[in-house]
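# Working through the structure, step by step
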Amino acid sequence: MTMPTDHPECPPAAGSESHALAHRAPTGEPPIVLSTHDLTKRFGQTLAVDRLNLTVRRGDVFGFLGPNGAGKTTTIRMFVGLIYPTSGYATVVDHQVPRDKTEALKHIGGFVEVPAFYANMSARRNLRLMGNLNGEVEESRIDEVLDIVGLRERADSKTGDYSHGMKQRLGIANALINSPELVILDEPTSGLDPQGMKDVRELVRELGRQGTTVFLSSHLLHEVEQVCNRAAILNKGRVVVEGPVSELHPEHSSVKLLTSDQARAREIVAALVGGQHVARDEEYLIVEAGEDGATRELVRRLVAEGIGVDAVIPAREQGLEDFFLDLTQSSDVDAGGAAGVAGGAR
Amino acid sequence: MKLLSRELTKLVFQKRSYVGWGGLLAVPLLITLAFYLNRNNHHDNGPGGVISLAFHNGLLMPLAAIAMLSAFLLPLLAAMAGAYQLAGEAETGTLKTWLMHSISRGGVLTSKWGTAVIYIMVGMALVFLGGLAAGALAFGLHATVLLSGQTASIGHGLWLTLLSYLYVLVGVICVLSLALLFATMTNSSLTAAIGALVVFIVMNILGAFSYFDFLKPYLFTSHIDAWQNLLRQPISWHPIVSGLTTFVIYIAALMLAAWYLFRRKDVLV
């Protein structure tokens, strides 16, 4: 799917003034905007979300990662009262969901799955109609959010004529219209072309810079790495790991090597660091090299032996991809499907 | 109230709203046209009953129209109006967008019910005014003979017509509420509308057999035609009151059930 009309330059985001305040108090951590407390949802036999505990603080751009079917959307639907939890609850700015759902929803803007609008109405009218449900919305604010997502020129076209990418961006505009405390975006880049993805990520980063709390669900690791400061990884309805994105890396210090002759390189490396520290996947040699100096020595030796070194990828550059696969597979001993699912999530 | 006006905005922006209204308006115009073209043939009086009274009097055209419409088209549109309100929005995905705002489920349900009722009211007003205008143009407005034989002035005739319309309105709101209840159980507006119509038709069939006469007072469908009792002098109130009581009980029970189901419904689409 390509949407050639969807490439305006990402304009500088305005708005959300109310949250641009000093959200990190000099003492202590910023206040909690969203938390869940043993949030659980069961559909018949299936445990879709299992005793979920998360904490999102003001100013966080929180990545909610997981393969398709992990329970991300079910969780988000519980935050916004579309689904009633089987047990547990969520708290949004001191209001419990589902108990004080109506109050909590005043502080939330966002969308779940594909944003849907009234097809026979213009974007402007849609924003007016929905924005006024949560409070009064000025026409100037509508212009403002349309500017933020670059839809100002098409504001008076029927949303039924919008492309997927435009609807996605209108979804973001609608999320921002009431300047909410918490912006929830469910896979906001799904179905977008590369330029559209880039625009949306830039927009989310900008929101984060302004101090807006964003809860972003995604199955794309590099997306979360690019825009989020904190993240949780969900698999089969359970949080596998939660923490700052910078810490969400494999703990081991492996180096991946790509050479002109992998078989010979393996022998040489094994002689150097010990056979048990060398493994091989379809593409790379994976070496537990120890400190950085060891890697340098390794490469020197390979080159000296006449082997061309095409790539050396240290652990911190390997990103969440492998970590994610490790986690989602290891928590899935009984069923063989997870590897396929997670693979599909790349 | 705020929610109701929002829902009405959405209604006005739905193309299908106009299809239903157009269909309703067409009926009195077609009846008038048929009577007018046939005005010299006194042996063919059309479907008979109240409808034949309108043969030479435009004043009775709205009544002739409602007699025809209350049998099927009006219940059909009521079923669709009720079903579209919830299930139609589930189909387009806007239900989740709507519910993600700071509004209560009960308020959403009530405003949607109110919107569907207003939709039917507007449709019936079109039938009334369309029938009256076309009838006046074709046959003029005259004092009329009531079913009990006395004569009623134009003003009194219009008053009785209005009462008849209100009675029929309450009757079809039963179908509408039934459709709205079904719409809380399914995400397909067609399923909800057809479900309501199936119940409506089955009730009609039950009412048609004397064996099931003991059921008749409990079927809202067998009360709908009772509006004709308003066209007597004096008005025979008993069937009117028992009809209205049945309607109100049905509507209250159906809406209570709909609220119970919708209150904690998991919206997954």
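First, a word on what this report is: a plain description of the structure on this page. All values reported here derive from a predicted model rather than from experimental measurement.

### Comments concerning the sheet that holds strand β12 (residues 254-259) of chain A
Strands in a sheet are paired, the pairing made by backbone hydrogen bonds, and the direction either parallel or antiparallel. Residues and elements named next belong to chain A. The antiparallel open sheet is built from 4 strands, whose spatial order is β13-β14-β12-β15. Edge strands, defined here as strands with exactly one partner in the open sheet, are β13 (278-280) and β15 (309-314). Sheet twist, expressed as the average angle between the axes of neighbouring strands with direction ignored, equals 25°. With 3 bridges joining them, β13 and strand β14 (residues 285-288) adopt antiparallel strand pairing. If you follow Ala 279 over to β14, its bridge partner there is Ile 286. Here helix α8 (residues 262-273) sits on the sheet and contacts β12, β13 and β14; the angle it forms with β14, its principal contact strand, is near 5°.

### Considering the sheet that holds strand β11 (residues 238-244) of chain A
Residues and elements named next belong to chain A. Pairing is mixed across the open sheet formed by 6 strands, whose spatial order is β7-β8-β9-β4-β10-β11. The strands lining the two open edges of the sheet, one partner per strand, are β7 (108-111) and β11. This sheet shows a mean twist of 15° between the axes of neighbouring strands, independent of strand direction. As judged from the 6 bridges shared by strand β10 (residues 230-235) and β11, these two strands associate in the antiparallel manner. The residue of β11 that forms the bridge with Arg 230 is Pro 244. Here helix α1 (residues 72-79) sits on the sheet in contact with β4 (61-65), β8 (182-186), β9 (213-218) and β10, set at roughly 150° to β8. Running over the sheet, helix α6 (residues 194-209) touches β4, β8 and β9 and is turned about 150° from β9.

### Let's talk about the interface of chain B and chain A
Facing 20 residues of chain B, the contacting portion of chain A comprises 21 residues. In terms of residue count, helix α6 (residues 94-99) of chain B provides more of the side of chain B that touches chain A than any other element does, 4 residues in total. Each residue belonging to the side of chain B that touches chain A can be placed in one class, and the counts come to 5 nonpolar, 9 polar and 6 charged.

### Topic: the nonpolar core
By size, the foremost hydrophobic cluster in this structure holds 153 residues, and its most contacted members are Ala173(A), Ala83(B), Ile120(B), Leu176(B), Ala179(B) and Ala196(B). The element best represented in this core is helix α8 (residues 154-183) of chain B, accounting for 17 residues. In this structure Ala179(B) touches Ala79(B), Gly82(B), Ala83(B), Ala192(B), Ala193(B) and Ala196(B), once residues within four positions along its chain are discounted.

What counts, and at which threshold
Residues numbered from 1 in each chain as written. Chains lettered and ligands numbered in written order. Predicted model: local features only at pLDDT ≥ 70, side-chain atom pairs only at ≥ 80, totals over all residues. Pairing = 2+ DSSP bridges. Helix = DSSP H or I, 4+ residues; strand = E, 2+ residues; numbered from the N terminus. Axes fitted to C-alpha atoms, helices over the stretch in contact; angles between N-to-C directions. Contact = placed C-beta atoms within 7 Å. Nonpolar A, V, L, I, M, F, W, Y, C, P; charged D, E, K, R; others polar. Core = buried A, V, L, I, M, F, W, Y, C linked by C-beta atoms within 7 Å. Buried ≥ 20, exposed ≤ 12 C-beta atoms within 10 Å, placed from the backbone.

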